[in-house]
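A closer look at the structure
So you can see what is in the structure, the chains are spelled out below.
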Amino acid sequence: MATIVGGIGTSHIPAIGIAMAKQQCDEPYWRDFFEAYRPVRAWLDEVRPTVAVVVYNDHGLNFFLDKMPTFAVGAASQYRNADEGWGLPTLRPFRGHPELSWHVIEALAAANFDLTTCQEMLVDHGFVVPMQLLWPDTTSWPVRTIPIHVNTVQHPLPTPKRCLDFGEALGHAIESWPGDERVVVLGTGGLSHQLDGRRAGFINKPFDLFCMEKIVDEPELLARYTIRELVRLAGTQGPELVQWLVMRGALGGAVRKLESNYHVPISNTGSGLLLLERAA
Ligand code: DHB
Ligand code: FE
């Protein structure tokens, strides 16, 4: 059976991709931020996952405000990225795993989650930047991928509780696949940020640190927030936290925290990194 080897929560800010493209990672602004990914990359080298399930929100590249699915699962044999206006480079396409995608889709539908299935899907910075952070050699992606979009852009958004439950069902779906895949689940985005409006630039460090602590052992506590409360506490883009809750849900019961880092600000965002493994 497929196994879930771990879960990673990470920021997906486009400026990170630009810094990587311009080879600015050693500059003072970026050095500590990138340094924190070193042990996570070492863990990946050791654990060698074969599939990355990447939970993120499309920001207008593949879906736009006119048609915005709540949950969408990629079922393509490859995924391309494209410049959405941030100036991010077009990278080598990401290899998909359509058989596992369809299995996950079937299992999630059977668990009463109504999905949009995408046999073609462009992936944006929410997917690409974390992939590049974790596997910086973009000439040879070592994992196959399944992109899962969760809407945090066009209201109404799914509740944090719904997303934690979705993650739990996702975990069961992956583990009922008869293959020997080793799956890492990424939850990308956050933490607190607001990109426009009256509170543009809003960051709530104490709340971010609270979320990074509670998501380890008490994710259901975070799942009690409403989206409105998350916007108030973490800014209009703060609900991206739900992508982390899907990742946490997929890991199921008790977990061990292997790595954790918080860096503020990166661009407009309180930037978090968390590596979790299931407790033995
Ligand atoms: C930024 C953060 C995001 O989550 C995003 O999607 C785009 C930009 C930022 O902080 O600049
Ligand atoms: Fe975002």
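This one's a predicted model, so the numbers in the text were calculated from it and none came from an experiment.

Considering the packing of helix 6 (residues 160-175) against helix 10 (residues 241-251)
At a closest axis distance of 6 Å, the pairing of helix 6 and helix 10 adopts a crossing angle of 35°. Along this stretch, helix 6 crosses helix 10, giving a crossing that reads as right-handed. Where helix 6 abuts helix 10, its residues Pro-160, Cys-163, Leu-164, Phe-166, Gly-167, Glu-168, Leu-170 and Gly-171 lie against Val-242, Leu-245, Val-246, Gly-249 and Ala-250.

Things to note about the side chain of His-12
Following the sequence through the fold, His-12 ends up in the loop between strand 1 (3-10) and helix 1 (14-21). Using a relative accessible area of 4% as the deciding quantity, one classes His-12 as buried. In terms of polar contacts, His-12 uses its side chain to reach the side chain of His-59, at 3.2 Å. For His-12, the side chain forms a polar contact with the side chain of Glu-240, separated by 3.2 Å. Not counting the four nearest positions on each side in its chain, His-12 is found in contact with Asn-57, His-59, His-125, Gly-126, Val-129, Pro-130, Thr-188, Gly-189 and Glu-240.

So, the pairing of strand 8 (residues 144-150)
Burial within strand 8 is extensive, with six of its seven residues counted as buried. Two elements, strand 2 (residues 51-56) and strand 8, share six bridges in a ladder whose sense is parallel. Pairing of Val-54 across the sheet is with Pro-147, part of strand 8. In terms of strand pairing, strand 3 (residues 71-74) meets strand 8 through three bridges, oriented antiparallel. Residue pairing across strands places Phe-71 opposite Val-150, the latter belonging to strand 8.

As for the pairing of strand 4 (residues 78-81)
The alternating pattern of strand 4 places Tyr-79 and Asn-81 on a buried face, while none of Gln-78 and Arg-80, on the opposite face, is buried. Of the strand pairs in this sheet, strand 4 and strand 5 (residues 94-95) are connected by two bridges, and their pairing is antiparallel. What sits directly across from Gln-78, in strand 5, is Arg-95. As paired strands, strand 4 and strand 7 (residues 122-123) are joined by two bridges and run parallel to one another. Among the inter-strand pairings, Asn-81 is bridged to a residue of strand 7, identified as Val-123.

Conventions adopted
Residues numbered from 1 in each chain as written. Chains lettered and ligands numbered in written order. Predicted model: local features only at pLDDT ≥ 70, side-chain atom pairs only at ≥ 80, totals over all residues. Heavy atoms only, no water. Axes fitted to C-alpha atoms, helices over the stretch in contact; angles between N-to-C directions. Helix = DSSP H or I, 4+ residues; strand = E, 2+ residues; numbered from the N terminus. Left-handed = near helix turned anticlockwise from the far one by under 90°. Contact = heavy atoms within 4.5 Å. Buried < 20%, exposed > 50% of the residue type's maximum accessible area, 1.4 Å probe, protein only. Polar contact = N/O pair within 3.5 Å; in protein donor to acceptor, adjacent residues only side chain to side chain. Pairing = 2+ DSSP bridges.

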